[in-house]
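# A look at the structure
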Amino acid sequence: MTSQDSTGAKKVVQKGQTAATRRMARHYTMQALYQWRMAGSSINAIEAEFRVDNDMTNVDVEYFHEILHGVPEHLSDIEATFEPFLVERSLAELDPVTQALLRMSTYELKFRIDVPYKVVINEAVSLAKKFGAEDSHKFINGVLDKTAAVVRAVEVKANRS
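Residues numbered from 1 in each chain as written. Predicted model: local features only at pLDDT ≥ 70, side-chain atom pairs only at ≥ 80, totals over all residues. Heavy atoms only, no water.

The final tally for this structure, using the stated rule, is 11 salt bridges. Between D114 and R112 there is a salt bridge, with the nearest N and O atoms lying 2.8 Å from each other. The network of salt bridges with common partners includes E66, R112 and D114. (Salt bridge = Lys/Arg side-chain N within 4 Å of Asp/Glu carboxyl O.)

If you walk through the whole model with that rule in mind, you get three aromatic pairs. Here F50 and F64 contribute two aromatic rings whose centre-to-centre distance is 6.1 Å and whose plane-to-plane angle is 40°, an arrangement assigned as tilted. Of the two residues, F50 is situated in helix α2 (residues 43-53) and F64 in helix α3 (residues 61-73); the sequence distance between them amounts to 14 residues. Pair check on accessibility: F50 and F64 agree, each one buried. Measuring from ring centre to ring centre gives 4.9 Å for Y107 and F111, while their planes differ by 35°; the resulting arrangement is tilted. (Phe/Tyr/Trp six-rings, centres within 6.5 Å; stacked < 30°, edge-to-face > 60°. Helix = DSSP H or I, 4+ residues; strand = E, 2+ residues; numbered from the N terminus. Buried < 20%, exposed > 50% of the residue type's maximum accessible area, 1.4 Å probe, protein only.)

This part takes up the side chain of E47. Within the secondary structure layout, E47 lies in helix α2. Here the side chain of E47 touches H69 through a polar contact of 2.6 Å, side chain to side chain. Sequence-distant contacts of E47, that is, excluding residues within four places in its chain, are made with F64, H65, L68 and H69. (Polar contact = N/O pair within 3.5 Å; in protein donor to acceptor, adjacent residues only side chain to side chain. Contact = heavy atoms within 4.5 Å.)

Next up, the structure:
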């Protein structure tokens with residue numbers, strides 16, 4: 001959505017935090033983390049590129065920024081959280097899309113307790129179906145389900161009761 005300021009110049013008006021704007025934030029975050037892994041560019045450069053190259057009107061840009069910067073900042077902690085659940089695979093063996101989704105989602109599970117764990121898992125599975133390898137969504141679902149059971153034990157137990 002655009003509006004005009006007092007000088008008549010157009011400006012972008014950021015929409016509020018809705019399920020749709022968060023979904024788009026996750027979509028772009030996954031792509032940006034993929035690019036970070038593949039190209040090795042700085043997070044700031046990648047974020048700037050995404051903000052220029054994409055219409056961010058329907059994106060929760062604050063959420064995009066937080067996760068995009070939070071994953072590299074807490075990378076070793078994030079990976080140590082989900083790595084025990086990589087059945088018969090190592091982190092290095094995972095394709096870059098799966099890595100990006102597990103990192104992003106584990107960040108949300110650990111640091112965004114305001115977002116229900118089921119939402120985090122469902123969003124990751126949805127993105128895996130769209131961008132991941134065939135059946136990667138099943139693997140991601142399994143890893144995140146086990147991760148949530150540890151990171152969000154109280155919430156998971158309450159939900160299963």
